[in-house]
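In case you want the letters, here they are:
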Amino acid sequence: MRKTQKMTITAIIAAVTTVSSSLVYIPVGFAKIFPIQHFANLLSAVLLGPGYAVAQAFISSLLRNLLGTGSIFAFPGSMIGAFLAAYIFTKTNKLIFAAAGEVIGTGILGALACYPIAVFLLGQEATLFGFIPAFTLSSFAGAFFGYVLLKALQKNKAWGGIIHENSINHRRL
């Protein structure tokens, strides 16, 4: 896939994610849980690769914050999850591992990365593991739906030329 196509798909996924953020979110304390972001992270991780997945997560988080439908916690959670999902998929070419990477990256690592933001930047009282249940639940829901969609695309051979070219299927031995 050409760079222009990847940038276009990244922008479309970020736009759809941003628009839908005003429709579907779950407020949990001072964070807003957004399963559609994790769905988008998994799609961009598998279809576009690590760089574009992180870019999509950053653009979506930035736009959601500018529009008032997101929180500062969207940045570390979504970007770490998108990167880990894409990296794992690039190495294994297994959708289930990419979905697990999204859940671990966002639900655990991203939640832990939010702790210093809550305490030092926002001055909020937060427990170290306070974000983990909410982030894990949100990322699991989004990754599950992303996995189902990607599995259907894979089964029907609908993704032909749009799979990330650095995955195992495209390596020359």
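Our subject is the structure that appears above.
This structure is a prediction, so every number in the text was calculated from the model and none was measured.

Visitor: How would you sum up the side chain of Ser138? Please name residues and give values.
Guide: The residue Ser138 is located in helix 6 (residues 132–155) in this model. A relative accessible area of 3% places Ser138 in the buried class. Dropping the residues within four chain positions of it, Ser138 is found in contact with Ile33, Phe34, Pro35 and His38.

Visitor: Give me the packing of helix 1 (residues 3–20) against helix 3 (residues 50–67): which residues, what numbers.
Guide: At a minimum axis distance of 9 Å, the contact between helix 1 and helix 3 shows a crossing angle of 35°. Handedness of the crossing formed by helix 1 with helix 3: right-handed. Two secondary-structure elements touch here, helix 1 through Lys3, Lys6, Met7, Thr10, Ile13, Ala14, Thr17 and Thr18 and helix 3 through Tyr52, Ala55, Gln56, Ile59, Ser60, Leu63, Arg64 and Leu67. Looking at side-chain class alone, the contact of helix 1 with helix 3 contains eight nonpolar, five polar and three charged residues.

Visitor: Could you give an account of the nonpolar core, naming the residues involved and the relevant values?
Guide: General note: in soluble globular proteins, nonpolar side chains tend to be found buried as a group. Formed by 21 residues in total, the largest nonpolar core has its most connected members in Leu42, Val46 and Leu150. Counting only elements with at least two residues in this core, the list comes to helix 2 (35–48), helix 3, helix 4 (74–92), helix 5 (95–121) and helix 6. With seven residues, the top contributor of residues to this core is helix 2. Membership of the second largest hydrophobic core comes to 10 residues, among which are Ile33, Phe73, Ala118 and Ile132.

Visitor: Break down the packing of aromatic side chains for me, citing the residues and quoting the values.
Guide: The full count for this structure, using the stated rule, is three aromatic pairs. When the centroid spacing of 5.6 Å and the interplanar angle of 50° are considered together, the rings of Phe58 and Phe75 count as tilted. Taken together, the residues span a long stretch of sequence, with Phe58 in helix 3 and Phe75 in helix 4 at a distance of 17 residues. Given the relative accessible area of 37%, Phe58 is considered partly exposed. Their ring planes at 20° and their centres at 5.9 Å tell us that Phe83 and Tyr87 sit as a pair that is stacked. Of this pair, Phe83 and Tyr87 both sit in helix 4, four residues apart, which is roughly one turn of that helix.

Conventions we followed
- Residues numbered from 1 in each chain as written.
- Predicted model: local features only at pLDDT ≥ 70, side-chain atom pairs only at ≥ 80, totals over all residues.
- Heavy atoms only, no water.
- Helix = DSSP H or I, 4+ residues; strand = E, 2+ residues; numbered from the N terminus.
- Buried < 20%, exposed > 50% of the residue type's maximum accessible area, 1.4 Å probe, protein only.
- Contact = heavy atoms within 4.5 Å.
- Axes fitted to C-alpha atoms, helices over the stretch in contact; angles between N-to-C directions.
- Left-handed = near helix turned anticlockwise from the far one by under 90°.
- Nonpolar A, V, L, I, M, F, W, Y, C, P; charged D, E, K, R; others polar.
- Core = buried A, V, L, I, M, F, W, Y, C linked by side-chain atoms within 4.5 Å.
- Phe/Tyr/Trp six-rings, centres within 6.5 Å; stacked < 30°, edge-to-face > 60°.

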